[in-house]
Amino acid sequence: PVLPGIKGIKLEKNLYVLSIKIENDKKNLRVDRREICFIKFILEAYDGIATLTTIDAHQGIVMLRIAPGCEGDVEAVLQGLKKDMIIDDSVKYHL
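Residues numbered from 1 in each chain as written. Predicted model: local features only at pLDDT ≥ 70, side-chain atom pairs only at ≥ 80, totals over all residues. Heavy atoms only, no water.

J.: Describe the overall build of the chain, with residues and values.
T.: Per the secondary structure count, the chain includes two helices and six strands. Listing each helix as α and each strand as β along the chain from the N terminus yields β-β-β-α-β-β-α-β. When contacts within the chain are restricted to residue pairs at least 6 apart in sequence, long-range pairs at least 24 apart make up 57% of them. Of the roughly 7,100 Å² of accessible surface on the chain, 55% is carried by carbon and sulfur atoms. (Helix = DSSP H or I, 4+ residues; strand = E, 2+ residues; numbered from the N terminus. Contact = heavy atoms within 4.5 Å. Areas by Shrake-Rupley, 256 points an atom, 1.4 Å probe, with all protein chains shown as cover.)

Next comes the structure, spelled out in structure tokens:
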């Protein structure tokens, strides 16, 4: 059976290559640039919920790619971090 977002290519008798398309939510944030590494390490501690990419280190703009189904967990982490630092999630930044 074919599942949505999954394509299979048969190479040999019992050998397939699967291509899975996973859509990630993206969220741009502006943070104190001195906190970028700390936020990245915190998110990495929650294995697989999101990745952080620095867009503009000088301005403190980062992009989060949030794994499907982890939006609530990421939001909870960000709310916890907001108690100790300024995180602006109203940033509109286009690559």
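J.: Which residues make up the pairing of strand β5 (residues 61–66), and what values do they have?
T.: Taking burial as the measure, the six residues of β5 include five buried ones, the bulk of the element. Where strand β4 (residues 50–56) lies against β5, six bridges are found, and the strand directions are antiparallel. Looking at β5, one finds that Thr-54 is bridged to Val-62. Hairpin connection between β4 and β5: a loop of four residues separates the two successive antiparallel strands, and Gly-60 in this loop has a positive phi of roughly 75°. (Buried < 20%, exposed > 50% of the residue type's maximum accessible area, 1.4 Å probe, protein only. Pairing = 2+ DSSP bridges.)

J.: Please give an account of the sheet that holds strand β6 (residues 87–88) that cites residues and values.
T.: With antiparallel pairing, the four strands of this open sheet are ordered in space as β4-β5-β3-β6. Each having just a single partner strand, β4 and β6 make up the two edges of the open sheet.

J.: Kindly report on helix α1 (residues 36–45), identifying the contributing residues and their values.
T.: Within α1, the full set of buried residues consists of Ile-36, Ile-39 and Leu-43. In an axial view of α1, the angular spread of the buried residues amounts to 70°, which keeps them on one side of the axis. Opposite its buried face, α1 presents the exposed residues Phe-41 and Ala-45, each directed more than 90 degrees away. Each element contacted by the buried residues of α1 is listed here: β3 (25–31), β4, β5 and α2 (71–82). (Arc of directions from axis to C-beta.)

J.: If you had to explain the side chain of Asp-56 to someone new, which residues and values would you point to?
T.: Looking at the element boundaries, Asp-56 is found in strand β4. Separated by 3.1 Å, the side chain of Asp-56 and the backbone nitrogen of Gln-59 make a polar contact. (Polar contact = N/O pair within 3.5 Å; in protein donor to acceptor, adjacent residues only side chain to side chain.)

J.: Could you give me a rundown of α2, with the residues and numbers involved?
T.: Taking 1.5 Å of rise per residue, 12 residues should cover 16 Å, and α2 covers 16 Å from first to last C-alpha, within 8% of that figure. Listed as buried for α2 are Val-74, Val-77, Leu-78 and Leu-81. Along the long axis of α2, the arc covered by the buried residues comes to 95°, so they all point the same way. In α2, those exposed residues whose orientation departs by more than 90 degrees from the buried face are Gly-72 and Ala-76. Contacts made by the buried residues of α2 are with β3, α1, β4, β5 and β6. (Expected span 1.5 Å × (residues − 1).)

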